[in-house]
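The residues making up each chain are set out below.
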Amino acid sequence: MRDPLSALSDAFTSFLFGKVETTRLPVRTSTGQAQAVYLPTAAPGLGDSGVIIGREVYSGKGYIYDPFQLYGQQLPAPHWLVLGESGNGKSALEKTYVLRQLRFRDRQVVVLDAQGEDGVGEWNLIAQELGITPIRLDPTAALNGGIRLNPLDPSITTTGQLALLRTIIEVAMGHGLDERSGFALKVAHAYVTATITDRQPVLMDIVEQLRHPEPESAEAMNVDIDDVRAWGLDVALVLDRLVDGDLRGMFDGPTTVGIDLDAPLIVFDLSHIDRNSIAMPILMAIVGVWLEHTWIRPDRKKRIFLVEEAWHIINSPFVAQLFQRLLKFGRRLGLSFVAVVHHLSDVVDGAAAKEAAAILKMASTRTIYAQKTDEARATGRVIGLPRWAVEIIPALTPGIAVWDVNGNVQVVKHLITEAERPLVFTDRAMTEGSAMDPEDLLPEDIRAAELEAEQRAARIEHQQRMNESSESTVA
């Protein structure tokens, strides 16, 4: 009960000044209707330090992203996964991101360029603009003095060389080496590295030693020399492909002199390699280990390793394990790994599902361009996107993507400057999945298309939120 003195005071006040407080009945409504009381808001951005990407669709604010600035505060890992179907802007985003990162003096970028047209890779124009000569890996050109990368290069540790040889063989065979084959390879490699000191050892030296093992190798394990030769036969046949098969010339000699690993941009042009052949994951493995031992150094530089068609890496268990180690090792030395994949189902349903899950977990940044409805839902389940973001992915137009930076989810419009446009929109980029060149559109047409896409995305998000709250009520 109320204090009698307080009740008397309230009665006296009401007599003098009238009733000062109105009693209202409670109003029942849905949260979807009640939210109209509050002003529209947008999620906070990522700060103002780093590389500008574009603008947030809902708030109109500039969107700035830099994994090196965010690492340790908002990002547990600096690695980045880019998803989306062809023709929606992945290529343009990658290229402008690299160009803008290179404006910082302490940045260095390596690109594995697996796409190309007219005999050159997709990054050829950017390399030319920066005065860089791409490292073009081409089996035909390699036979005529082209680029070579030696898996037995002395700059790679002996442990790294043996791990690389095992990975090459396992990728080519499609299964792991058994103990006997692994022993034959180990003793052949040990003998070659111990006896050849006047030049770089090459793969042919390993092949010859596998074919003709030394008696000491058999005696050390108390086995017959013919057994050691038999154990190494399959290994020799696989390596022979790199020496005298369809990949000859690229890896069967000393590393080409003059490859500048201090250049701000290093482009490995893999466009002459069949992307669906076993050659691609073998190349990825060799380049990955070679870079690990020759490029990544504790010199306080921030490095970006961008891989196009990255499902060739993540879909092979042995190559995925190699790159998983590279990601863990590189994080301590300032390495940001950027994997570009068309469909997440290419990797999560593949032979390396376990390794793929580990790599995806290390990618704290995910950028998703337009996908079909079923693919968008599958992607949302795997990487944990909110429902509203999953629903708008199929409706996204080229250049607009959902960004998930460690749980901070935004819809972002990528902006390209006039200076970047001729370098970004190559013939391939303009014809792959796109029927119209943006150069053919008038400025007002472009803005109208952007507004339509933004309004459609906002309607979908609003409807999704209404559905989620329709059963809730507030007093």
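Overview of the structure. Predicted model, so just to flag it, every value in this text is computed and none were measured. (Residues numbered from 1 in each chain as written. Predicted model: local features only at pLDDT ≥ 70, side-chain atom pairs only at ≥ 80, totals over all residues. Heavy atoms only, no water.)

### Brief notes about the pairing of strand 4 (residues 80-83)
How we decide: For the exposure calls, accessible area comes from a 1.4 Å probe over protein chains only, and a residue counts as buried if that area is under 20% of its type's maximum, exposed if over 50%, partly exposed in between. Each helix is a run of H or I in the DSSP string that is no shorter than four residues. Each strand is a run of E no shorter than two, and both are numbered from the N terminus. Note on pairing: two strands pair once DSSP finds at least 2 bridges between them.
Side chains of strand 4 alternate between two faces, with W80 and V82 and L81 and L83 buried alike. Pairing analysis gives 4 bridges linking strand 4 to strand 11 (residues 335-341), with the strands arranged parallel. Counterpart to W80 in the pairing with strand 11 is V338. Pairing analysis gives 4 bridges linking strand 4 to strand 12 (residues 365-368), with the strands arranged parallel. Its bridge partner lying in strand 12, L81 is registered against R366.

### Some words on the sheet that holds strand 2 (residues 51-56)
Strands sit in the order 3-2-14-13-12-4-11-10-5-9-8 across an open sheet of 11 strands; the sheet is mixed. Taken across any chain shown, the strands that pair with only one partner, and hence form the sheet edges, are strand 3 (62-65) and strand 8 (135-136). Two elements, strand 5 (residues 107-113) and strand 9 (residues 265-269), share 5 bridges in a ladder whose sense is parallel. By the bridge assignment, V111 is partnered in strand 9 with V267.

### Brief notes about the nonpolar core
As a reminder, the rule being used: Residues belong to a common nonpolar core when they are buried Ala, Val, Leu, Ile, Met, Phe, Trp, Tyr or Cys residues joined through side-chain atoms within 4.5 Å. Residues count as neighbours in contact if any of their non-hydrogen atoms are within 4.5 Å of one another.
Counting 93 residues, the largest nonpolar core has L239, F268 and F305 as the members making the most contacts within it. Element by element, the count of residues in this core is highest for helix 13 (residues 279-294), at 11 residues. Other than its neighbours up to four places away in sequence, F268 contacts V110, V111, L112, D113, I135, L137, L149, V287, W290 and L291. Membership of the second largest hydrophobic core comes to 34 residues, among which are V51, F68, L306 and W403.

### So, the packing of aromatic side chains
Applied cut-off: Two rings from Phe, Tyr or Trp (for Trp, the six-membered ring) form a pair when their centres are within 6.5 Å of each other. A pair whose planes differ by under 30 degrees is stacked, one over 60 is edge-to-face, and the rest are tilted.
Here the structure, examined in full by the defined rule, presents 10 aromatic pairs. For the pair Y65 and Y97, a centre-to-centre distance of 6.4 Å together with 35 degrees between the ring planes defines the contact as tilted. Placement of the pair is Y65 in strand 3 and Y97 in helix 4 (residues 90-101), with a sequence separation of 32 residues. Overall, Y97 belongs to the buried group, its relative accessible area being 0%. Here F183 and W231 contribute two aromatic rings whose centre-to-centre distance is 6.1 Å and whose plane-to-plane angle is 75 degrees, an arrangement assigned as edge-to-face. Here W231 lies in helix 11 (residues 225-231) and F183 lies in helix 8 (residues 179-195), a separation of 48 residues in the sequence. Given a relative accessible area of 18%, W231 falls into the buried group.

### Some points on the pairing of strand 2
Here strand 2 lies mainly inside the structure; 5 of its 6 residues are buried. Direction of pairing for strand 2 relative to strand 3: antiparallel, over a ladder of 4 bridges. Directly across from G54, in strand 3, lies its bridge partner Y63. Adjacent in sequence and paired antiparallel, strand 2 and strand 3 are bridged by 5 residues, among which G60 carries a positive phi angle near 80 degrees. In this structure, strand 2 lies alongside strand 14 (residues 408-414), joined through 3 bridges in antiparallel fashion.

### Description of the packing of helix 9 (residues 203-211) against helix 12 (residues 233-244)
This is how the line gets drawn: Lines fitted to C-alpha atoms define the axes here, with helix axes fitted over just the stretch in contact, and angles between the N-to-C directions of these axes take values from 0 to 180 degrees. For classification purposes, angles smaller than 35 degrees are called roughly parallel, those larger than 145 roughly antiparallel, those between 65 and 115 roughly perpendicular, and all remaining angles oblique. Left-handed describes a crossing whose near helix is turned anticlockwise from the far helix by less than a right angle; the clockwise case is right-handed.
Across the interface, helix 9 lies against helix 12 with an axial gap of 9 Å and an inter-helix angle of 155 degrees. It follows from the interaxial angle that helix 9 and helix 12 lie roughly antiparallel. For the crossing formed where helix 9 meets helix 12, the hand is left-handed. When helix 9 is examined against helix 12, the residues L203, M204, I206, V207, L210 and R211 are found in contact with a partner set consisting of V235, A236, L239, D240, L242 and V243.

### Looking at helix 7 (residues 158-173)
An α-helix turns once per 3.6 residues; consequently, residues spaced three or four apart project the same way. For clarity, the cut-off: One fewer than the residue count of a helix, multiplied by 1.5 Å, yields its expected span.
In this model helix 7 runs 23 Å from its N-terminal to its C-terminal C-alpha over 16 residues, within 8% of the 22 Å that 1.5 Å per residue would give. Within the span of helix 7, buried status applies to G160, Q161, L164, L165, T167, I168, I169, E170 and V171. G174 lies just past helix 7 and shows a positive phi near 80 degrees.

### A short note on the side chain of T255
This is how it is decided: Two N or O atoms count as a polar contact when they lie within 3.5 Å, although within protein this holds only if one can serve as hydrogen donor and the other as acceptor, and sequence-adjacent residues are included solely when both atoms are side-chain atoms.
On the secondary structure map, T255 appears in the loop between helix 12 and strand 9. Among the residues examined, T255 registers a relative accessible area of 12% and is labelled buried. There is a polar contact of 3.2 Å between the side chain of T255 and the backbone nitrogen of N150. With near-sequence residues (within four places) excluded, T255 lies in contact with R148, L149, N150, D153, Q200 and W290.

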